[in-house]
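Secondary and tertiary structure notes
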Amino acid sequence: MRWDRAASLLPTGARSEPGPHGALVPDSLRDSDQIAVVYDKGQTPPEITIRQVSGSVHTVLADGVAVAVVASANGPAPSKEDVLLVERTT
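Calculation notes
- Residues numbered from 1 in each chain as written.
- Predicted model: local features only at pLDDT ≥ 70, side-chain atom pairs only at ≥ 80, totals over all residues.
- Heavy atoms only, no water.
- Helix = DSSP H or I, 4+ residues; strand = E, 2+ residues; numbered from the N terminus.
- Buried < 20%, exposed > 50% of the residue type's maximum accessible area, 1.4 Å probe, protein only.
- Contact = heavy atoms within 4.5 Å.
- Areas by Shrake-Rupley, 256 points an atom, 1.4 Å probe, with all protein chains shown as cover.
- Pairing = 2+ DSSP bridges.
- Salt bridge = Lys/Arg side-chain N within 4 Å of Asp/Glu carboxyl O.

This part covers the overall build of the chain. Regarding its fold elements, the chain presents zero helices and six strands. Scanning the chain from its N terminus toward the C terminus, one meets helices and strands in the order β-β-β-β-β-β. Taking all 90 residues of the chain together, the buried fraction comes to 30%. A separation of at least 24 residues holds for 41% of the contacts in the chain among residues at least 6 apart in sequence. Working note: accessible area of the chain is about 6100 Å², and carbon and sulfur atoms make up 51% of it.

To continue, consider the environment of arginine 51. Along the chain, the position of arginine 51 falls in strand β3 (residues 48–54). Residue contacts for arginine 51: discarding those within four places in its chain leaves Val57, His58, Thr59 and Leu61.

Here we come to the pairing of strand β5 (residues 65–71). One ladder, built from six bridges, connects strand β4 (residues 57–62) with β5; its direction is antiparallel. Looking at β5, one finds that leucine 61 is bridged to alanine 66. Counting the residues in the hairpin turn of β4 and β5 gives two residues, including aspartate 63, whose phi is positive at 55°.

With respect to the helices and strands, histidine 58 occurs in strand β4. Beyond its immediate sequence surroundings of up to four residues, histidine 58 is in contact with Ile50, Arg51, Gln52, Val53, Ala68, Val69, Val70, Ala77 and Pro78.

On to the pattern of salt bridges, then. Inspection of every chain in the model, using the stated rule, returns one salt bridge. Among the salt bridges present, the one from arginine 88 reaches aspartate 40, with a minimum N-O distance of 3.6 Å. Of this pair, arginine 88 sits in strand β6 (residues 83–88) while aspartate 40 sits in strand β2 (residues 34–40), and the two are 48 residues apart along the sequence.

In structure tokens, the structure reads:
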């Protein structure tokens, strides 16, 4: 897959705003989706951290800014290794 040509990876308003943005990458082959953090070309990839909000609700942060909220009734909590980092080329 060419990430720079992925359609609907980000909300339309996010394309014009600089900085990291969270995106959901659907996975129809498995029972789970992926979270991607898209950052500007040439920038240092953001530091990803996961913060537990309550019980099974977690916030994904990129350089300390929330980019996604994950709520899962089953399965393990997300880890920073689960987050895809994607450099925005356009």
